[in-house]
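Geometric and topological summary
Each chain, written out:
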Amino acid sequence: MPVEASLIQILACPACHAPLQDRTADSASDPELICTSGDCGLAYPVRDGIPVLLVDEARRPA
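Residues numbered from 1 in each chain as written. Predicted model: local features only at pLDDT ≥ 70, side-chain atom pairs only at ≥ 80, totals over all residues. Heavy atoms only, no water.

You'll find the chain entered in an unreviewed UniProt entry as UPF0434 protein TPA0598_05_05490, with Streptomyces lydicamycinicus given as the organism. UniProt lists a comment for the chain under the heading Sequence similarities (unreviewed entry), and it reads "Belongs to the UPF0434 family." (UniProt positions renumbered as here; feature names shortened; annotations may be inferred.)

This is the structure in structure tokens:
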């Protein structure tokens, strides 16, 4: 379930405050929001259409 575009516009990475990119419609992977910062790049899961913006729950970049 995609996250509303209006919500994506106001959300930011809790670790570095960079904007987030919506990857919930990508069928090849789990739904997540990706930090757009080159230094951070954390991937936050989206569960049941709700972004989980906890650094402890985020996936580190590979």
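Let's talk about the pattern of salt bridges
Scanning the model with the defined rule gives two salt bridges in all. Of the charged contacts in the structure, one is a salt bridge between Arg 59 and Glu 32, with a shortest N-O distance of 2.7 Å. Here Arg 59 is found in the segment after β4 (50-51), whereas its partner Glu 32 is found in strand β2 (residues 32-35), with 27 residues between them in sequence. Taking relative accessible area as the criterion, Glu 32 reaches 11% and is therefore assigned buried. The residue Glu 57 makes a salt bridge to Arg 47 at a minimum N-O spacing of 3.0 Å. One end of the pair, Glu 57, is in the segment after β4; the other, Arg 47, is in strand β3 (residues 43-47), with ten residues separating them in the sequence. (Salt bridge = Lys/Arg side-chain N within 4 Å of Asp/Glu carboxyl O. Helix = DSSP H or I, 4+ residues; strand = E, 2+ residues; numbered from the N terminus. Buried < 20%, exposed > 50% of the residue type's maximum accessible area, 1.4 Å probe, protein only.)

Focus: the environment of Ala 58
Turning to its location among the elements, Ala 58 is positioned in the segment after β4. Since its relative accessible area comes to 15%, Ala 58 is described here as buried. The spatial distance from the C-alpha of Ala 58 to the C-alpha of Ile 34 is 9.4 Å, given a sequence separation of 24 residues. Among all residues touching Ala 58, those that are not within four sequence positions of it are Leu 42, Ala 43, Tyr 44 and Pro 45. (Contact = heavy atoms within 4.5 Å.)

Here's the deal with unusual backbone geometry
Even without glycine at this site, His 17 takes up a positive phi of about 70°. With respect to the helices and strands, the residue His 17 is situated in the loop between α1 (5-10) and β1 (20-22). On the accessibility criterion, His 17 (63% relative accessible area) is exposed. Its identity is not glycine, yet Asp 48 carries a phi of approximately 55°, on the positive side. Positionally, Asp 48 belongs in the loop between β3 and β4.

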